[in-house]
Amino acid sequence: MSPKSQVRIFEVGPRDGLQNIAKSIPTATKIELIQRLRASGLRDIEVTSAVSPKAIPQLADNQQLLSNSSIQNLIKESGVSCPVLVPNTKGLDITLKHEVREVAVFVSASEGFSRANTKCSVEEGLRRAGEVATQAREHGIKVRGYISCIFEDPFDGPTTESAVLQVVQKLLGMGCYEISLGDTLGTGTAADVQRLLTYLFQNGIPEDKLAGHFHDTYGQAVSNAWTAYQLGLRAFDSSVAGLGGCPYAPGAKGNVATEDLVYMFERAGISTGVDLPKLVDTGAWISSQLQQANSSRAGAALARKLAPPLPSSSTTEQTKKLAWLDLPNQSDGLIIQKSGASIKITLNRPKNGNALTTAMISALTSFFTSAANDTGISRIVITAHGRFFCTGMDLSASSSPVASGQSASTAQFERLTMLFKVISSAPQVTIAAINGPTFGGGVGLAFACDVRIGVKEAVFTLSEVKLGLAPATISPYVVREWGVPFAREAMLSARPVSVSELKDLGAVAEVVEKEKLEDEVDAYLVGLKKVAPRASALCKDLVRAPVPGEIKRVFEEMMTGKEAEFGLREFQARRVVDWDEWVERKGRAKL
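Residues numbered from 1 in each chain as written. Predicted model: local features only at pLDDT ≥ 70, side-chain atom pairs only at ≥ 80, totals over all residues. Heavy atoms only, no water.

> Just to check I follow, could you spell out the overall build of the chain for this structure?
For the chain, the count of helices and strands is 25 helices and 21 strands. With respect to the principal axes defined by its C-alpha atoms, the chain has extents near 90 × 55 × 45 Å. Here the chain, with 591 residues, has 53% of them falling under the buried criterion. Of the accessible surface of the chain, which amounts to about 26000 Å², a share of 55% is contributed by carbon and sulfur atoms. Side-chain charges in the chain split into 64 positive and 62 negative, and the spacing between the mean points of these groups amounts to 3 Å. (Helix = DSSP H or I, 4+ residues; strand = E, 2+ residues; numbered from the N terminus. Buried < 20%, exposed > 50% of the residue type's maximum accessible area, 1.4 Å probe, protein only. Areas by Shrake-Rupley, 256 points an atom, 1.4 Å probe, with all protein chains shown as cover. Lys, Arg positive; Asp, Glu negative; His and termini not counted. Charge placed at Lys NZ, Arg CZ, Asp CG, Glu CD.)

This is the structure:
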């Protein structure tokens, strides 16, 4: 046995584990899976494949995933590897565009599988891999190699050791730093592993250039990995929750489960660098998301052992970081992103203090107007980039409507009145994530929302009187949230009002450190998944108009609504509801 006391786990779940699943998986779910895997301590995570959407529809979102800011940060993280499987030079171009630092190429050791899987011979597969490897290395990109069917081919039968050796030698010759030996059908046993590795070592292949990639079709994967370890291998591919499978062995189990490998090695005193409870939680979460059984034996057993006696919160809630995807057709000065049933709108004119231009006001109004009828949106956050949250109306000489005539004044009044109205009346829960000082109309923007989370540096200044103006269109929302005496004094003095003062008034929900604002908002949104969207809208109606007729209407809708029927049934079954899943199911039912 090698004196080394650690192994490297190469996680392939986000690519190999998901690629054969027929049901379309949201990109946000894939990104959250990758984030959870990294949070468990895994440092090698194959994130996707730059493959044709026609070839593998499940990975058609590869560019959307790679361009996501959290994935880009992970790609750039020191000591972390996020390889992308690349079938050809066209796929390599995609990885170059997204500054990927490692790619993987794949070749079958057998002719039948090669022609079925990649529509080419083994020789042609090696030629394509060589083209990718050469160009990748010219750009300073690391290259890893995969070999399929090391023991058996579904068309040709047993694979000879010499055929595997030939492909290993050629992949190493083209510059691959490591070769993953894949038992694609999962038919291999410990004896097969010993025979093949001994043959490769005798023919000059170094043990530190090889990794084991075992499938669990016949329940031999963990045994095969242990045998490979005893023979000197220190790198192993695996997939969380045992995700994956071979299209040529229907119903067969997929890759060896990461939880099973980590459990085995850690129990033997061999370090993997992985936090097993976090990994187990991730396996349970992705199995729930895909609505399929957890194929990890250790993962399923530990999940039961570690589970609390009563349901406390869903595994989705326990991870407080959300994956945000940019929506198409972005507006000038605004960035709009989505995560599940949550939307985040970021004011993006930091050089101008995020002052509201006519175009921004129009875009915000249009978005909230449209969202009012979108049952797929449950929460909306407004935040900003830069030092300021929002400095109010754009008062630059070229665009200010102030003192520009009656028609310009009327148009601006109508624009601002409508903006604050659609935010205040939105059926969704609206949250202002205030990243810095706020002035004038920016104060109105924040306090037209339902909830505010602000950084310690945030101050709110109703500075209009200093300019000969008055906070006209925002006054209903400021008075509503601050109270008459406090609002009157703040308007007349035009003094900066600290976030702590407003926290004491109850007008600000939370005050956080600036660097923690994003995480706190994500955590707050995750917590809101426990509340039903229509019930939230009804609560807002009660706060706005607590008159007898309105209260009766809310009560009747509440008692007869589908949400109440579902929520009470889940409560009686002692299950915690993730209302985002409810929203998603309703959306699918309409398609």
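> I tried to follow the pairing of strand β6 (residues 142–148) on my own but got confused; where do I start?
The side chains of a regular strand alternate, first on one face of the sheet and then on the other. Burial analysis of β6 places six of its seven residues in the buried class, the great majority of the element. Sheet analysis places strand β5 (residues 102–108) next to β6, joined by seven bridges and oriented parallel. In the sheet register, A104 faces β6, and the bridge partner there is R144. (Pairing = 2+ DSSP bridges.)

> Please clarify how the side chain of E178 should be interpreted in this entry.
Structurally, E178 is set in strand β9 (residues 178–183). Taking the relative accessible area as the measure of exposure, E178 reaches 3% and is therefore buried.

> Got a minute to help me understand unusual backbone geometry in this structure?
A negative phi angle is the norm for most residues apart from glycine, just as the trans form is the norm for most peptide bonds. Although it is not a glycine, A241 sits at a positive phi angle of roughly 60 degrees. Note that A241 resides in the loop between β11 (235–238) and α11 (258–267). Positive phi, close to 55 degrees, is recorded for A494, a residue that is not glycine. Structurally, A494 can be placed in the loop between α19 (484–493) and β20 (496–498).

> When you look at the pattern of salt bridges in this model, what are you seeing that I'm missing?
Side chains that differ in sign of charge can pair as their charged atoms come close. The tally for this structure, following the rule as stated, stands at 25 salt bridges. With a closest N to O distance of 2.9 Å, R452 and E481 form a salt bridge. Of this pair, R452 sits in strand β18 (residues 451–455) while E481 sits in helix α18 (residues 475–482); the two residues are 29 residues apart in sequence, bridging distant segments of the chain. A salt bridge links R480 to E481, with the nearest nitrogen and oxygen atoms 2.7 Å apart. It is possible to trace a salt-bridge network through shared partners that takes in R8, D44, R144, E178 and D237. (Salt bridge = Lys/Arg side-chain N within 4 Å of Asp/Glu carboxyl O.)

> Could you clarify how one ought to interpret the packing of aromatic side chains in this entry?
The relative placement of two aromatic rings is captured by the distance of their centres and the angle of their planes. According to the stated counting rule, one finds ten aromatic pairs in the structure shown. Taking the centre distance of 6.2 Å and the plane angle of 55 degrees together, the rings of F388 and F439 count as tilted. Of the two residues, F388 sits in the loop between β15 (379–384) and α16 (406–424) while F439 sits in strand β17 (residues 438–439), which places them 51 residues apart along the sequence. Residue classification places F439 among the partly exposed residues on the basis of a relative accessible area of 25%. By the ring-pair criterion, three or more aromatic residues cluster together here, those being W226, Y229, F236 and F265. Over the aromatic face of Y146 sits the side chain of R15, whose NZ or CZ is 5.6 Å from the ring centroid. For the cation-ring pair, R144 lies above F10, with the distance from its terminal atom to the ring centre recorded as 3.6 Å. (Phe/Tyr/Trp six-rings, centres within 6.5 Å; stacked < 30°, edge-to-face > 60°. Lys NZ or Arg CZ within 6 Å of the ring centre and 35° of its normal.)

> What exactly am I supposed to notice about a nonpolar patch on the surface here?
A cluster of nonpolar side chains, F555, M558 and M559, forms an exposed patch at the surface whose accessible area comes to about 320 Å². If you trace the backbone, M558 turns up in helix α23 (residues 548–560). (Patch = residues over 30% accessible without salt bridge, like charges linked within 9 Å, V, L, I, M, F, W, Y side chains within 5 Å.)

> How do you make sense of the environment of G441 when you look at a structure like this?
With respect to the element layout, G441 can be found in helix α17 (residues 441–447). What makes G441 buried here is its relative accessible area of 13%. Each C-alpha atom of the pair G441 and M491 lies 13 Å from the other, and the pair is 50 residues apart in sequence. Among residues more than four places away in sequence, those in contact with G441 are G392, F420, E464 and I474. (Contact = heavy atoms within 4.5 Å.)

> Is there a simple way to think about helix α10 (residues 221–230) in this case?
In an α-helix there are 3.6 residues to a turn, and that puts residues three or four apart on one side. Three or more residues of α10 are buried, namely A221, N224, A225, T227, A228 and Y229. In the stretch just after α10, G232 is the one whose phi turns positive, near 125 degrees.

> How should the sheet that holds strand β10 (residues 210–214) be read in this particular structure?
Sheets are built from strands that pair by backbone hydrogen bonding, the pairs being arranged parallel or antiparallel. Judged by pairing direction, the sheet is parallel, and its nine strands sit side by side in the order β2-β1-β11-β10-β9-β6-β5-β4-β3 without closing on themselves. The open sheet has two edge strands with one neighbour each: β2 (44–45) and β3 (48–49).

> Is there a simple way to think about the sheet that holds strand β19 (residues 459–461) in this case?
Read from one edge of the open sheet, three strands run β17-β19-β20, paired in mixed fashion. Edge positions in the open sheet fall to β17 and β20, since each of these has one partner strand only. Of the strand pairs in this sheet, β19 and β20 are connected by three bridges, and their pairing is antiparallel. For V459, the partnering residue across the bridge sits in β20 and is S498.

> Just to check I follow, could you spell out helix α13 (residues 297–306) for this structure?
Every buried residue belonging to α13 is among A298, G299, A300 and L302, and all of these are buried. Measuring from the backbone nitrogen of G299 back to the side-chain oxygen at the start of α13 gives 2.7 Å, which picks out S296 as the cap. (Polar contact = N/O pair within 3.5 Å; in protein donor to acceptor, adjacent residues only side chain to side chain.)

> Explain the packing of helix α7 (residues 122–138) against helix α8 (residues 161–173) here, please?
The angle between the axes and the distance between the axes are what describe a pair of packed helices. Two elements in contact, α7 and α8, have axes separated by 10 Å at closest approach and are oriented at 15 degrees. As summarised for this structure, α7 and α8 are arranged roughly parallel, according to the angle between their axes. Here α7 runs over α8; the crossing is right-handed. Within the contact between the two elements, α7 uses V122, L126 and A129 and α8 uses V167, K170 and L171. Looking at the contact of α7 with α8 residue by residue, the classes come out as five nonpolar, no polar and one charged. (Axes fitted to C-alpha atoms, helices over the stretch in contact; angles between N-to-C directions. Parallel < 35°, antiparallel > 145°, perpendicular 65-115°, else oblique. Left-handed = near helix turned anticlockwise from the far one by under 90°. Nonpolar A, V, L, I, M, F, W, Y, C, P; charged D, E, K, R; others polar.)

> So what exactly am I meant to see when it comes to the nonpolar core here?
Nonpolar side chains in soluble globular proteins generally cluster together in the buried interior. Of all hydrophobic cores here, the largest spans 82 residues; its most connected members are L66, I147, L171, L181, L210, F236 and F265. Setting aside residues no more than four positions away along its own chain, L66 makes contact with V47, T48, I71, Q72, I75, V84, I94, H98 and V100. Core analysis: the next-biggest nonpolar cluster, separate from the first, contains 64 residues, I345, L364, V422 and L517 among them. (Core = buried A, V, L, I, M, F, W, Y, C linked by side-chain atoms within 4.5 Å.)

> What should I look at first to understand the side chain of E259 in this one?
Mapped onto the elements of the fold, E259 is located in helix α11. Within the buried set, E259 has no salt-bridge partner at all; the shortest N-O distance to an opposite charge, 11 Å, is to R297. Reaching out from E259, the side chain makes a polar contact with the backbone nitrogen of A241 at a distance of 2.9 Å.

> Help me understand the state of the cysteines, please; the structure alone is not making it clear to me.
Such a bond, covalent and formed between the sulfur atoms of two cysteines, is termed a disulfide. Summed over all chains, the structure comprises zero disulfides. Residue C82 stays outside any disulfide, its sulfur separated by 19 Å from that of C176, the closest cysteine. A relative accessible area of 6% places C82 in the buried class. C390 forms no disulfide, and the closest cysteine sulfur to it belongs to C449, at a distance of 11 Å. The class of C390 is buried, set by a relative accessible area of 0%. (Disulfide = S-S within 2.5 Å.)

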